[in-house]
2 protein chains.
Amino acid sequence: MEQGQRSGSRPAEPGPCLSSPCGADQAASVSLLSGAGAEPGSRTLAVAAVLPAGGCGERMGVPTPKQFCPVLERPLISYTLQAMERACWIKDIIVVVTGENMEAMENIIKKYKHKRISLVEAGVTRHRSIFNGLKALADNQPNSRLSKPEVVIIHDAVRPFFEEDILLKVVTAAKEHGAAGAVRPLVSTVISPSADGCLDHSLERARHRASEMPQAFLFDVIYEAYQQCSDYDLEFGTECLQLALKYCHIKAKLVEGSPDLWKVTYKRDLYAAESIIKERISQEICIVMDTKENKEHIGHLLEEVLKTELNHIHVRSQALYNAGSDIQHINLEQCYNFVCVNVKEPDFQETQKLMSMLEESNFSILYSIVVISDEQKLQESLRQGAIIIAALIKERNSALIGQLLVA
Amino acid sequence: MEQGQRSGSRPAEPGPCLSSPCGADQAASVSLLSGAGAEPGSRTLAVAAVLPAGGCGERMGVPTPKQFCPVLERPLISYTLQAMERACWIKDIIVVVTGENMEAMENIIKKYKHKRISLVEAGVTRHRSIFNGLKALADNQPNSRLSKPEVVIIHDAVRPFFEEDILLKVVTAAKEHGAAGAVRPLVSTVISPSADGCLDHSLERARHRASEMPQAFLFDVIYEAYQQCSDYDLEFGTECLQLALKYCHIKAKLVEGSPDLWKVTYKRDLYAAESIIKERISQEICIVMDTKENKEHIGHLLEEVLKTELNHIHVRSQALYNAGSDIQHINLEQCYNFVCVNVKEPDFQETQKLMSMLEESNFSILYSIVVISDEQKLQESLRQGAIIIAALIKERNSALIGQLLVA
């Protein structure tokens, strides 16, 4: 039932990060968490997360459950895990999947090097799946490598775009109030229909909120609520905050979240997710030259023109003499775009070597784009070349990888 | 204040259609509408539409109001008008915009050849804007070229993806019940916060619906409701169905709509809209040859390979001897993708002529993509060429227009 490693006190090793890498805010997070309502000098708060991922994605209109739908060839859930792993202070991440998707999920964890993950089998409804995840964390489980946390985060596998900040906010509020959840303003007015399919009444939009994820709970509160919970709630309920209210009389603190918290529900949401990820991974570009001669000139010029074509980007230039060793200096986890300019080798030997290395690395295989061009032409029409390079980086169409494009 | 033409009984002339052109279902629509609750043999139902477009788009996080945000370089509202125009049985379309956007809106109508549109100045809230639109349609307006409809549709300028079918459904239901509106299942649970920002109670998701657009009303019902309406409702209300209920005791019929009805609200929705439009306009491709010799061979081969690369596409081949006259045979309103294969002219003279014509036409300027390649190479590696062509059609990056790409 369980799989994966426990991080213990080792530094966490997250997959490639789309924004700030794990550890940047670690000191701040831990101090905030230990200060939040705890005794001075107390130990760091033990936090775990449960991600229900047992849904079948019926609203998407595609046969693959939405959490496994590829976005730039990588399953959606992997982006969510990547975002969760950035919070180094989360000890264990429980992913709840159906038996039939267990193997696929194990492969995703392996391929994208996810850490601190344990897999638990889903129930037939969302609430039953979350309950299974909580049971795995409860301290009376035989042979479990997991330990009971003080606070547990519950988050959807199909909400990949949250920041560490909102996790901190809901965990801090849960520690103080017993339960907390992110909310957003309503986009549409909510109405109540009568039995004959007509309007009975409409709700005042400003007085209501959409309940989003993440949510967090004192573990004992939410575990008690699920243990007390009726079969009707387990079958038809949708809201964890409501269970804490109904069975433990805990009024959850509501935390205003950002628009990023949205849930991938329909096919159009996959399109939006893809565009957001494309935008994020376009921002770091590495220009690789096969010679040091003339590097300053062409590299610098190309950098300047690329910066006018793509907003908010960071460009580095690097001379490459021997792909086998020099590639080590390039941080594959941070950069998803390589522009190779060949001067010396007409047969692109070194570039081919670099491409192979990128393809072998699990990090960049989905993202690397290599433009092969000869310097003579590039210098002649640098702007034309840069426009094409910028278009390739923005659109990131896998069909164009390895194509010879002449500016 | 008003601008635009009345179609009267003339056939409507819609702009370029993304799906089925206007008129395809006209006979069926009109018969359905005249049969719906009306006396047999009665005249066709008079229908108008009001589109409030006075919002400032504060949720988008961009300075341009969302209805004017470009999607593939064309303002979002133009797609909504295009979809509305497909329903030929709608006599007048009232677009309500702020004074400061009036001129921009007039230019959009001119540029994209929108018909049956009248512009009305917005009020400071959504309800006040809709009321202004209704006033322009009421029969007591001096010098108005508009006439009072029996049924009025209210639709958002930022919901471009509806089908004619849902318009018919809400209009038919409004004729019978006095009011009707499209609804969708809730994506998130709705909760009610207490004054201290904690959970007071959560609503059962299955017993509530999100109220979407379009909505439709007997004109006299909704006009009466707005005339009776309190200042508080005009300032803070969001729901037209609620006004019909409160002031005219009309219980609106709720019509289950498709996921397409969603409202462009956040930046991610613009990304989704762009992807949906790209997908739709990729489906018709015209291969243009500069010679009849060998046409069968290369044209047919290219067609076959493109069909394997792009799903659900329709490809036509056409020999082009003289762009000036032959271009007339290509329906610019239906096709957004042209692939030119040059054999005879190494200087691409005819292709240049075709490109100029496409650029001059208001229809295709945003969409035309021309791949220039020489036939010799294309035959050598037809699959490589087709993959690049398919990628260009799918991604539709304007930076690559006119570039020389060698497969």
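The notes below deal with the structure included here. Quick caveat: nothing in here was measured; it's all calculated off a predicted structure. (Residues numbered from 1 in each chain as written. Chains lettered and ligands numbered in written order. Predicted model: local features only at pLDDT ≥ 70, side-chain atom pairs only at ≥ 80, totals over all residues. Heavy atoms only, no water.)

### Let's talk about the interface of chain B and chain A
Next up, step 1: Counting residues at the interface gives 64 residues for chain B and 64 residues for chain A.
Next up, step 2: Of the roughly 5,600 Å² buried at the junction of chain B and chain A (both faces included), carbon and sulfur atoms supply 55%.
Next up, step 3: It is Ile191(B), Leu199(B) and Arg268(B) that lose the most area in chain B upon contact with chain A, and together they represent 12% of the buried surface on that side.
Next up, step 4: Linking chain B with chain A are four salt bridges.
Next up, step 5: Taking the shortest distance from any N to any O, the salt bridge between Lys251(A) and Asp200(B) comes out at 4.0 Å.
Next up, step 6: In this assembly, chain B and chain A are joined by 24 residue pairs in polar contact (both at pLDDT 80 or more). (Contact = heavy atoms within 4.5 Å. Buried area = accessible area lost by both parts, 1.4 Å probe. Salt bridge = Lys/Arg side-chain N within 4 Å of Asp/Glu carboxyl O. Polar contact = N/O pair within 3.5 Å; in protein donor to acceptor, adjacent residues only side chain to side chain.)

### A look at empty space enclosed by the protein
Next up, step 1: Counted according to the given criterion, the structure contains 13 cavities of 30 Å³ or more.
Next up, step 2: As a volume, the largest cavity reaches approximately 680 Å³.
Next up, step 3: Considering the residues around the largest cavity, the lining is formed by 35 residues, among which Val187(A), Arg268(A), Val187(B), Ser188(B) and Arg268(B) are closest to the centre.
Next up, step 4: Elements that contribute at least two residues to the lining of the largest cavity include exactly strand E7 (179-185), strand E10 (209-218) and helix H9 (267-281) of chain A together with strand E7 (179-185), strand E10 (209-218) and helix H9 (267-281) of chain B.
Next up, step 5: In the lining of the largest cavity, the residues fall into 18 nonpolar, six polar and 11 charged. (1 Å grid on protein atoms, 1.4 Å probe; cavity = no way out; pocket = protein on both sides within 12 Å on 5 of 7 lines; lining within 4 Å. Points joined across faces, edges and corners; volume = space filled by probe spheres on them. Helix = DSSP H or I, 4+ residues; strand = E, 2+ residues; numbered from the N terminus. Nonpolar A, V, L, I, M, F, W, Y, C, P; charged D, E, K, R; others polar.)

### Digging into the relation of the copies chain B and chain A
Next up, step 1: Of the transformation superimposing chain B on chain A, the axial component is 0.0 Å and the angular component is 180°, with the fit at an RMSD of 0.0 Å. The symmetry that links the two subunits is that of a two-fold axis.
Next up, step 2: With an isologous cut-off of 70% or more, the 100% of interface residues of chain B that recur at the interface of chain A puts this contact in the isologous class. (Least-squares fit on C-alpha atoms with pLDDT ≥ 70 in both.)

### Observations regarding the packing of helix H4 (residues 126-137) of chain A against helix H6 (residues 219-228) of chain A
Each packed pair of helices is defined by two parameters, the angle between the axes and the distance between the axes.
Residue and element names in this part refer to chain A.
Next up, step 1: Contact pair H4 / H6: the axes reach a minimum separation of 10 Å and the direction vectors enclose 130°. By the angle between their directions, the pair H4 and H6 is classed as oblique. Crossing angle aside, the handedness with which H4 passes H6 is left-handed. Taking contact as the criterion, the partners of His-127, Ile-130, Phe-131, Leu-134, Lys-135 and Leu-137 in H4 are, on H6, Phe-219, Ile-222, Tyr-223, Tyr-226 and Gln-227.
Next up, step 2: Residues belonging to the contact of H4 with H6 are distributed by class as follows: eight nonpolar, two polar and one charged. (Axes fitted to C-alpha atoms, helices over the stretch in contact; angles between N-to-C directions. Parallel < 35°, antiparallel > 145°, perpendicular 65-115°, else oblique. Left-handed = near helix turned anticlockwise from the far one by under 90°.)

### Quick word on the environment of Ser202(B)
Next up, step 1: On the secondary structure map, Ser202(B) appears in strand E9 (residues 199-202).
Next up, step 2: Look at Ser202(B) and you get buried, because its relative accessible area is 16%.
Next up, step 3: Taking the C-alpha atoms as reference points, Ser202(B) and Thr98(B), separated by 104 residues in sequence, lie 38 Å from one another.
Next up, step 4: Discounting residues that sit within four places of it in the chain, Ser202(B) has contacts with Glu239(A), Gln242(A), Thr189(B), Val190(B) and Ile191(B). (Buried < 20%, exposed > 50% of the residue type's maximum accessible area, 1.4 Å probe, protein only.)

### Focus: the packing of H6(A) against helix H8 (residues 240-248) of chain A
Residues and elements named next belong to chain A.
Next up, step 1: Orientation of H6 relative to H8, taken along the N-to-C sense of each, is 80°, at an axis distance of 9 Å. Accordingly, the angle class assigned to the pair H6 and H8 is roughly perpendicular. Every residue of H8 that contacts H6 at Val-221, Ile-222, Glu-224, Ala-225, Tyr-226 and Gln-228 is listed here: Cys-240, Leu-243, Ala-244, Tyr-247 and Cys-248.

### Some points on the side chain of His155(B)
Residue and element names in this part refer to chain B.
Next up, step 1: Checked against the element boundaries, His-155 lands in the loop between strand E6 (151-154) and helix H5 (164-177).
Next up, step 2: The class for His-155 is buried, based on a relative accessible area of 0%.
Next up, step 3: Within the structure, the side chain of His-155 is placed 2.9 Å from the backbone oxygen of Arg-159, a separation counted as a polar contact.
Next up, step 4: Among all residues touching His-155, those that are not within four sequence positions of it are Val-50, Leu-51, Pro-52, Thr-80, Met-84, Phe-162, Met-213 and Pro-214.

### Comments concerning the packing of aromatic side chains
Next up, step 1: All told, the structure shown has 10 aromatic pairs over all chains when counted by the stated rule.
Next up, step 2: On the basis of an interplanar angle of 25° and a centroid distance of 5.3 Å, the ring pair of Phe219(B) and Tyr223(B) is categorised as stacked. One end of the pair, Phe219(B), and the other, Tyr223(B), are both in helix H6 (residues 219-228), four residues apart, so they sit about a helical turn from each other. This pair shows no difference in class: Phe219(B) is buried, exactly as Tyr223(B) is.
Next up, step 3: Feature note: the residues Phe131(A), Phe219(A), Tyr223(A) and Tyr226(A) constitute an aromatic cluster, connected by ring pairs.
Next up, step 4: The lysine or arginine in question, Lys135(A), covers the ring of Phe131(A), its NZ or CZ lying 4.4 Å from the ring centre.
Next up, step 5: Above the ring of Tyr79(B), the side-chain terminus of Arg74(B) is found at 5.2 Å from the ring centroid. (Phe/Tyr/Trp six-rings, centres within 6.5 Å; stacked < 30°, edge-to-face > 60°. Lys NZ or Arg CZ within 6 Å of the ring centre and 35° of its normal.)

### Quick look at the pairing of E10(A)
Next up, step 1: The buried fraction of E10(A) is high, at eight of 10 residues.
Next up, step 2: Pairing between strand E6 (residues 151-154) of chain A and E10(A): four bridges, direction antiparallel. Opposite Ile154(A), over in E10(A), you have Gln215(A) as the bridge partner.
Next up, step 3: Bridge count for E7(A) against E10(A) is six bridges, and the pairing is antiparallel. Bridged to Ala180(A) within E10(A) is Ala216(A).
Next up, step 4: Bridge count between E10(A) and strand E8 (residues 189-193) of chain B: three bridges; the pairing is antiparallel. Residue Ser211(A) lies in a different strand from E8(B), and its bridge partner there is Thr189(B). (Pairing = 2+ DSSP bridges.)

### Topic: the pattern of salt bridges
Residues and elements named next belong to chain A.
Next up, step 1: Tallying each qualifying case throughout the model produces 28 salt bridges over all chains.
Next up, step 2: Its salt-bridge partner being Asp-233, residue Lys-246 comes within 2.9 Å of it at the nearest N-O pair. Note that Lys-246 is positioned in helix H8 and Asp-233 in helix H7 (residues 231-236), a separation of 13 residues in sequence.
Next up, step 3: With relative accessibility at 11%, the residue Asp-233 sits in the buried group.

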